[in-house]
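# Topology and contacts: notes
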Amino acid sequence: MKIVYSDKASGIIERLCFDGFEIPFAKGLGPSLRITEHEKAANIKFRLSGEKYSAMYNGLMIEAEYAPNDESFVLKIRVTNTSDTDFTPGSLDLILGIDTYMTGAAEDNSKFFPTMLRCEKTHFHGYFMSPSGNAFAVASPDKIASYTLEYGRTTTEGENEAEYGHRIHTASLSLLHKEPLPKRHPKGVDSLKSGESRDFNVCFIPLSSVDEYAVRVSDICGIPVITADLYTYPKNSNIQLKVHSKERYSITYIAPDGRVMTSPQITECGVYTVRVTTESGKVSEAKFYCRKPWEWYLKQARLEAMQKPQKATTHAESWYGFFSAFLAAKHYPEAELDAALSSHFDEVIPLMFDLDKAKPIVAPERIQNTSTLISVLTDKYEVSPEENKKYLHLASAFGDWLMTRQKDDGGYYKNNTLYTCVIYIAKSMLELCEAEKKAGMHEEYTRHYLSASRATEQLAEKLEDIQTEGEQTFEDGMISCSALQLGMYALTLPENKRKSFVDAAIYMDKLHACLEQKLVPDCRVNGASIRFWEAQYDIMFNKNFVCSPHGWSAWTAYAKYYLYLLTGKEAYLKELFNILGACVQLMSLDGNLRWAFANDPYIKGERLVPDTKSSIKDGYASVKLENSAYRGRYTETVVGEEYMDMVSGWYRTGEQRLTGGYIGCPLIFPDRLDYSADVQGGACDNDVHEIFKCLEETVLKKAFVVEREDGEVVAYNCDAALNNNVLEISFYEETEYLHTNFKTTRIVKVGEYTYEAKKGNCMTKIK
């Protein structure tokens, strides 16, 4: 390998050159050190002295050495406290300096995203990955207290631009960091005693692919790395994992209630912890989840759609809970609750949409609001097609309005910004088309299907050369929503016309891999997509942090589902189940729906909490809750690696009923520009319900059986056993559809029902 410096005297690297790819560094930034004391940060500059670099800061002596070898680039640091007093900073950070700043331009494909950073009690490991698929690991056999993603663009002077934006400048490792930190992190690494020295070795390890990550990191750094195919299981399953370690090790299984288990069998719902300890004392952890039946999550989401009420705002995210309401009513009707939610819908929607003219009256340029309404209306129709025909006709009329926002190139636009992949506008049209086709509305179906076709054809042509809402970057949503829409559209085509769309969907999914938590050995996040700017809008927390899973993680799950149906590759099915397993844990086992999981280990910022001195009265006649409603106030708080609650349970719009989507977001009427309203009450946290919409489409009442290349048959959502050449299937929960993926025709028996399952991908309705 080769080091290219931008300033060798200060140790500032321009790029690291490995065989096959280069790692770009942000201009003038690193590697370097930053010390934070009393909320103030000081950047420490190195100076070359012989073969090593050194720096001094208030009695702290820091020495650094760059040690490239055939396998990796090693950064060796020694920190010594030469003063007479203990050194206890807020943090001592090693700014890696890797350039992760993606602007949405073509060169983003060669930039590296900080896909995984993970502190263990005795060591650290993680990896950076580019959209083009190149990857390298960053790992240390030493205790790393924490890490920080540098949101926005941090300069060498410590200034921070666009702190709440949609880009990450680089990442830092905290060699020392004050508490509180997550339980899994090292302890006693918050200070350096007088006269004490501590050594840190940080390895940059090139990977030919992420598949070799665990072996390479374990071999080079001498640490155990845990991997698994599945992180979520039904009851009475055995946890299955792999441990990559050069040393002998022991495994401890810990049940949700904290007791140490004698076997890896899981018998109760909750999160199980697996702890691996090597002979030399290195400790790694992994977490696995035992889920409830899928239907429980959808039913509970319907309850939470009322307990955390839907609101009329400028943003569809404020009323996304109507998906859970109507999809649960479709499968599991409860007359009183369903009637209450239907009444709430009929009260909220007309505040934002003119139902007579079928057009939006609030923020009309946010065309994703209208496409979301089309999907909700379609779901409401399907609760009772004979009684609810008016909702399908209304959805169809809004589909016509949406087509007025479609340009000649096929894309749906907000003014001049391509919005097809802001949420998933073409998918909403396809959902409408499916219902219209079944209802015999052939003229409307043909018109809307042609519109969706044109939009998806444009996606297949443009690939990653697309746009998104807000700051342009290489963004989770626009890539996953392109992949899912391409996949969904391909499924509507004859097999001989699918190839170009399938290829495009696979390509977009591969680009998206750098934004997926595929290798994190934690059921709470594994597979979920990486977003970091939503908290300021959804729960009014004024700091960026990775919220994963978040409601929009479901977009990745849709893409995996469609790609599995199209290709039959089991990897997509595994990823689907891991993503949904992480997502449904946002519903706690006692039925409390949380907004998202905060991945960052240490987040300090202003958070919106109830102002209990300022209670309000609900303005919606259909909302009759025992829990009180309040205005919000900000308070400084520290959180990290934990679930974040929704605010809509207590933070409501009051008597005004209609407001902006979040604090600081004004109401927008095209013909009432002088209109003003109280900005409090709006929140986008109900976007979490996208998870349950996805669950209903992909896995609810479905089971999957796959035959692998070696002939082994494996099952998802069911058990499969071969008996006298008959494959006998038993289900864990109520199942209506069995999807089989066999190499040859097989005889399948489900209860008393026996049928012949053909070769290839087949979805069969079980009689």
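Residues numbered from 1 in each chain as written. Predicted model: local features only at pLDDT ≥ 70, side-chain atom pairs only at ≥ 80, totals over all residues. Heavy atoms only, no water.

Turning our eyes to something else, we now look at the sheet that holds strand E39 (residues 726-731). Taken together, four strands build an open sheet; the order of strands is E38-E39-E41-E42 and the sheet is mixed. Looking at the sheet topology across the chains shown, the edges are occupied by strand E38 (718-723) and strand E42 (753-757). The sheet shows a mean angle of 25° between the axes of neighbouring strands, direction not considered. Direction of pairing for E38 relative to E39: antiparallel, over a ladder of six bridges. Bridged to aspartate 719 within E39 is serine 730. (Pairing = 2+ DSSP bridges. Helix = DSSP H or I, 4+ residues; strand = E, 2+ residues; numbered from the N terminus. Axes fitted to C-alpha atoms, helices over the stretch in contact; angles between N-to-C directions.)

Let's shift gears to the pairing of strand E23 (residues 249-254). Bridging between E23 and strand E26 (residues 270-278) involves six bridges; their strand directions are antiparallel. Looking across to E26, one finds that threonine 252 is bridged to arginine 275. Judged from the two bridges that link them, E23 and strand E24 (residues 260-261) form a sheet pairing that is antiparallel. Directly across from isoleucine 254, in E24, lies its bridge partner valine 260. Taken together, E23 and the strand that follows it, E24, pair antiparallel across an intervening segment of five residues, in which glycine 258 is found at a positive phi of about 95°.

Before going further, it helps to examine the packing of helix H6 (residues 389-403) against helix H8 (residues 442-462). Running from N to C, H6 and H8 point in directions that differ by 35°, and their axes come no closer than 11 Å. Both H6 and H8 take part in a crossing whose hand is left-handed. Taking contact as the criterion, the partners of Ser396, Gly399, Asp400 and Met403 in H6 are, on H8, Glu444, Arg447, His448 and Ser451. (Left-handed = near helix turned anticlockwise from the far one by under 90°. Contact = heavy atoms within 4.5 Å.)

Attention now moves to the pattern of salt bridges. Using the criterion set out here, one finds 56 salt bridges in the structure. Arginine 366 is the salt-bridge partner of glutamate 469, the closest N and O atoms lying 2.6 Å from each other. With glutamate 469 in the loop between H8 and helix H9 (476-491) and arginine 366 in the loop between strand E29 (359-360) and helix H5 (367-383), this residue pair connects regions lying 103 residues apart in the sequence. A salt bridge links lysine 604 to glutamate 636, with the shortest nitrogen-to-oxygen separation between them at 3.7 Å. Taken together, the positions of lysine 604 in strand E33 (residues 603-616) and glutamate 636 in strand E34 (residues 629-639) put the pair 32 residues apart, joining distant regions of the chain. In this structure glutamate 636 comes out as exposed when scored by relative accessible area, which is 52%. One continuous salt-bridge network, built from bridges that share partners, spans Arg118, Glu120, Arg184, Asp522, Arg524 and Glu641. (Salt bridge = Lys/Arg side-chain N within 4 Å of Asp/Glu carboxyl O. Buried < 20%, exposed > 50% of the residue type's maximum accessible area, 1.4 Å probe, protein only.)

Moving on, we get to the packing of aromatic side chains. Taken as a whole and judged by the stated rule, the model has 41 aromatic pairs. Between the aromatic rings of phenylalanine 21 and phenylalanine 112, the centroid separation amounts to 5.6 Å while the plane-to-plane angle is 45°, which identifies the pairing as tilted. One end of the pair, phenylalanine 21, is in strand E3 (residues 21-24); the other, phenylalanine 112, is in the loop between strand E10 (91-95) and strand E11 (113-119), and 91 residues separate them in sequence. Judged by its relative accessible area of 1%, phenylalanine 112 falls in the buried class. Taken together, a centroid distance of 5.2 Å and an interplanar angle of 85° make the contact between phenylalanine 326 and phenylalanine 345 edge-to-face. Here the residue phenylalanine 326 occupies a position in helix H3 (residues 321-331), and phenylalanine 345 occupies one in helix H4 (residues 335-348), the gap between them amounting to 19 residues. One aromatic cluster is present, formed by Tyr5, Phe18, Phe21, Phe46, Tyr53, Tyr66, Phe73, Phe112, Phe128, Phe136 and Phe204 through successive ring pairs. The ring centre of tyrosine 424 lies 5.5 Å from the NZ or CZ of lysine 427, which sits over that ring. Above the face of the tyrosine 643 ring, arginine 594 is positioned so that its terminal group lies 3.9 Å from the ring centre. (Phe/Tyr/Trp six-rings, centres within 6.5 Å; stacked < 30°, edge-to-face > 60°. Lys NZ or Arg CZ within 6 Å of the ring centre and 35° of its normal.)

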